[in-house]
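# Working through the structure, step by step
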Amino acid sequence: MPEFKVILFMCNWGPHAAYQELQDRAAEIPPEIQMVRIPCSGRISKALLFKAFEMGADGVLLLGCETGTCRYGTGTATALKNVEDTRGILALLGLGADRLRFASFMPDEAEALLEFLQTAISDIRAIGPSPVTPPVKRSPILEEAETIRQVVAAHDVYACQDCGKCSSACSLTLSGKPFSPRAIAGAVINGEIASQAVRDGIWSCLTCGLCYDRCPSAVDFPLFIRDMRNVLSNAGLPGFEAHGGFFQSLMRTMTSPGVRPRHYEWLSGDIKTDHKSKILFFGGCAPYFDIFYRNHLGVETARILKDAIRLLNFFDIYPQILEDERCCGHDLLWSGDRESFRKLARLNVDRIREAGVEEVVTACPECYRTLATDYPAEGVEVPFRVVHLFEILDREIEKGAVEFKGPEQILTFQDPCRLSRLENRPELPRKLLARLESWDFREMPDSGRGAICCGNTAWIGCDAFSKALQAKRLRQARETGSDLLVTACPKCQIHLKCAMEDPFQGEDLQMTLRDLTSILADAIQWA
């Protein structure tokens with residue numbers, strides 16, 4: 001019989017008193033339980049709940065006080081939301097929502113607590129052991145000097161002329177953050193990697209590519225930063241992952257071969273797919289985003305996937321989808337976890353090859369960049385062609401007999417860094433925007449290859465300077481006189497929508513946000 005590990009996060013107040021009574025009288029507390037005493041159930045974030053599963057837990061129980069009795073006021077309500085969201089993600093991931101449970105107890109409810117624990121353990125045993133393989137704990141690689149020299153040489157950082165064009169273009173620098181690409185490059189060349197300021201700078205970079213676009217020596221600073229993050233991670237110096245590293249944990253969990261996500265269970269029946277098609281639609285992380293942010297931002301990024309397939313169906317393209325689709329791994333690579341990225345990449349390529357696919361279509365700029373460019377660059381052979389949805393739409397619309405009808409609105413557009421700059425395809429969305437003839441499209445001052453980033457990449461960092469950058473971008477959008485800010489990346493939508501929640505500036509930043517894919521899906525019709 002396999003050994004089960006169940007983590008019990010227990011509030012220090014009501015439930016702990018009841019649990020202590022069970023211990024005092026030697027009650028039959030299930031031996032699988034590993035108890036962690038906490039100040040309040042509301043302190044256990046979604047990231048901490050999920051981290052337990054990443055580390056191999058078969059189940060997680062969170063115990064708090066009854067509603068209205070929390071010493072911290074909103075702890076129980078916060079815990080309920082965090083558990084609800086994490087259960088939804090566990091279900092989508094194929095691990096099963098019932099591996100995670102919340103309950104509240106008062107000090108005099110020892111018997112009820114014991115019954116809950118025994119029932120929960122019995123149910124988790126019935127579900128079976130978790131298929132997640134915990135990450136192997138590696139010893140830090142402390143002798144990184146030679147590796148750093150290799151990284152510097154690989155990206156020709158020695159060619160830096162110290163001209164300052166990178167810093168004068170950098171969105172973070174211009175937002176007021178003490179950050180300079182050329183200063184970081186010079187410090188790393190000089191062997192100052194031990195400096196906290198240099199390390200902070202490596203993790204602060206947006207990797208948006210504006211500096212590379214302006215560099216007269218063509219120093220690829222984003223890739224340099226990406227590889228330096230890998231060096232720091234290998235040395236046991238992790239970075240500033242937003243949301244407690246939740247999304248990195250999610251992707252590392254997907255590197256376990258036994259995990260079988262249920263990625264498209266939410267897809268409606270009016271969408272037509274063909275399991276024998278040679279064309280595969282690859283969706284990406286959007287369904288997880290919608291669950292994670294539903295109690296905060298209420299985003300609807302999964303709709304982009306649905307609308308993308310609707311558009312393909314409009315042109316009689318019925319793609320194959322992978323019910324057990326995993327994330328592409330973009331965020332792992334750009335946050336310094338190259339080893340896990342490669343594991344995930346190989347699993348994805350093997351699964352797509354198994355499906356007999358010749359062409360992979362994606363609407364996500366990060367998936368597009370990762371599958372088309374980063375997989376081969378990281379030594380993972382891709383035996384299929386990768387195309388962005390916008391390429392297919394432009395090709396099919398060019399054949400004629402199609403028009404777009406909808407409300408007459410004024411539009412502006414937020415370029416995704418990965419598509420417009422890193423992949424140098426700023427024309428793709430603009431070709432489609434130009435076809436919306438009844439709309440008035442107005443460019444922002446910084447657009448195309450020169451567009452300002454939405455303020456965060458790969459869930460690395462998220463501070464006041466990122467928020468200032470997002471606020472600046474939203475003001476630029478409003479100053480065009482537009483009614484609608486069009487995005488083409490789910491993360492742009494999330495980050496800009498988050499900036500609108502600012503309690504002080506929020507009213508001045510409000511705009512309607514919609515993804516270009518959804519706009520096209522709603523407006524397209526035969527002429």
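Shown above is the structure to which this text applies.
Described below are features of the structure shown in this document. This is a predicted model, so every value here is computed, not measured. (Residues numbered from 1 in each chain as written. Predicted model: local features only at pLDDT ≥ 70, side-chain atom pairs only at ≥ 80, totals over all residues. Heavy atoms only, no water.)

This brings us to the overall build of the protein chain. Helix and strand counts for the protein chain stand at 24 helices and 13 strands. Computed over the C-alpha atoms, the radius of gyration of the protein chain is 25 Å, within 12% of the 24 Å expected from 2.2 N^0.38 for a compact globule of 527 residues. Burial analysis of the protein chain (527 residues in total) assigns 57% to the buried set. For the protein chain, the computed accessible surface area is about 21600 Å², with 49% contributed by carbon and sulfur atoms. Here the protein chain holds 60 positive side-chain charges and 70 negative ones, and the gap between their average locations is 2 Å. (Helix = DSSP H or I, 4+ residues; strand = E, 2+ residues; numbered from the N terminus. Rg over C-alpha atoms; globule rule 2.2 N^0.38 Å. Buried < 20%, exposed > 50% of the residue type's maximum accessible area, 1.4 Å probe, protein only. Areas by Shrake-Rupley, 256 points an atom, 1.4 Å probe, with all protein chains shown as cover. Lys, Arg positive; Asp, Glu negative; His and termini not counted. Charge placed at Lys NZ, Arg CZ, Asp CG, Glu CD.)

The next thing to look at is the packing of aromatic side chains. Counting across every chain of the model gives 17 aromatic pairs. A ring pair is formed by Phe50 and Phe246, whose centres lie 5.2 Å apart and whose planes are at 50°; its orientation type is tilted. Of this pair, Phe50 sits in helix α2 (residues 46–54) while Phe246 sits in helix α12 (residues 246–253), and the two are 196 residues apart along the sequence. When its relative accessible area of 0% is taken as the criterion, Phe50 is described as buried. Here Phe247 and Phe292 contribute two aromatic rings whose centre-to-centre distance is 4.9 Å and whose plane-to-plane angle is 55°, an arrangement assigned as tilted. Of this pair, Phe247 sits in helix α12 while Phe292 is found in helix α13 (residues 286–292), placing the two residues 45 residues apart along the sequence. Accessibility classification places Phe247 together with Phe292 in one group, the buried group. Pairwise contacts between aromatic rings join Phe50, Phe246, Phe247, Phe289, Phe292, Tyr293 and Trp459 into one cluster. Lying across the ring of Tyr72, Arg43 places its NZ or CZ 5.0 Å from the centre. Between Arg418 and the ring centre of Trp334, over which it is positioned, the NZ or CZ distance is 4.2 Å. (Phe/Tyr/Trp six-rings, centres within 6.5 Å; stacked < 30°, edge-to-face > 60°. Lys NZ or Arg CZ within 6 Å of the ring centre and 35° of its normal.)

Spatially, four strands are ordered β2-β1-β3-β4 in an open sheet, and the strand pairing comes out parallel. Looking at which strands have only one partner, the edges of the open sheet turn out to be β2 (33–38) and β4 (100–104). Neighbour-to-neighbour, the strand axes of the sheet open up by a mean angle of 20°, direction not taken into account. Where strand β1 (residues 6–11) and β2 come together, six bridges link them in parallel fashion. Note that in β2 the partner of Ile7 across the bridge is Gln34. Across the sheet, helix α4 (residues 110–127) touches β1, β2, β3 (59–64) and β4, and the angle it forms with β3 is around 160°. (Pairing = 2+ DSSP bridges. Axes fitted to C-alpha atoms, helices over the stretch in contact; angles between N-to-C directions. Contact = heavy atoms within 4.5 Å.)

Overall, parallel pairing links the three strands, which are arranged β5-β6-β7 in an open sheet. Every other strand in the sheet has two partners, leaving β5 (279–282) and β7 (385–388) as the edge strands with one partner each. Averaged over all neighbouring strand pairs, the angle between strand axes comes to 30°, with direction disregarded. As paired elements, β5 and strand β6 (residues 359–362) share four bridges and run parallel to each other. What sits directly across from Phe282, in β6, is Thr362. Lying on the sheet, helix α18 (residues 389–397) is in contact with β6 and β7; it crosses β7 at an angle near 70°.

Turning next to the packing of helix α9 (residues 196–204) against helix α11 (residues 221–234). Contact geometry for α9 and α11: axes closest at 9 Å, N-to-C directions at 125°. Accordingly, the angle class assigned to the pair α9 and α11 is oblique. Every pair of crossing elements has a handedness; the one defined by α9 and α11 is left-handed. Note on element contacts: α11 touches α9 through Ile225, Met228, Arg229, Leu232 and Ser233, opposite Arg199, Ile202, Trp203 and Ser204. Broken down by class, the residue content of the contact of α9 with α11 amounts to five nonpolar, two polar and two charged. (Parallel < 35°, antiparallel > 145°, perpendicular 65-115°, else oblique. Left-handed = near helix turned anticlockwise from the far one by under 90°. Nonpolar A, V, L, I, M, F, W, Y, C, P; charged D, E, K, R; others polar.)

What follows covers the pattern of salt bridges. Side chains that differ in charge, positive against negative, can pair when their charged atoms come close. With the rule as written, the count across this model stands at 46 salt bridges. For Arg351, the salt bridge is made with Asp324, and the minimal N-O distance between the two is 3.1 Å. Of this pair, Arg351 sits in helix α16 (residues 338–354) while Asp324 sits in the loop between α14 (302–314) and α15 (330–334), and the two are 27 residues apart along the sequence. Two residues, Asp522 and Arg514, come together in a salt bridge whose shortest N-O distance is 2.6 Å. For Arg514, a relative accessible area of 25% gives the class partly exposed. (Salt bridge = Lys/Arg side-chain N within 4 Å of Asp/Glu carboxyl O.)

Moving on: the pairing of strand β9 (residues 410–413). On any regular strand, side chains alternate: one points to one face of the sheet, the next to the other face. What you see with β9 is no split at all: Ile410 and Thr412 on one side and Leu411 and Phe413 on the other are buried throughout. Relative to strand β11 (residues 484–487), β9 runs parallel, the two being bridged by three bridges. Residue pairing for β11: Phe413 is matched across the bridge by Val486.

Shape is all these values report; function is a separate question.
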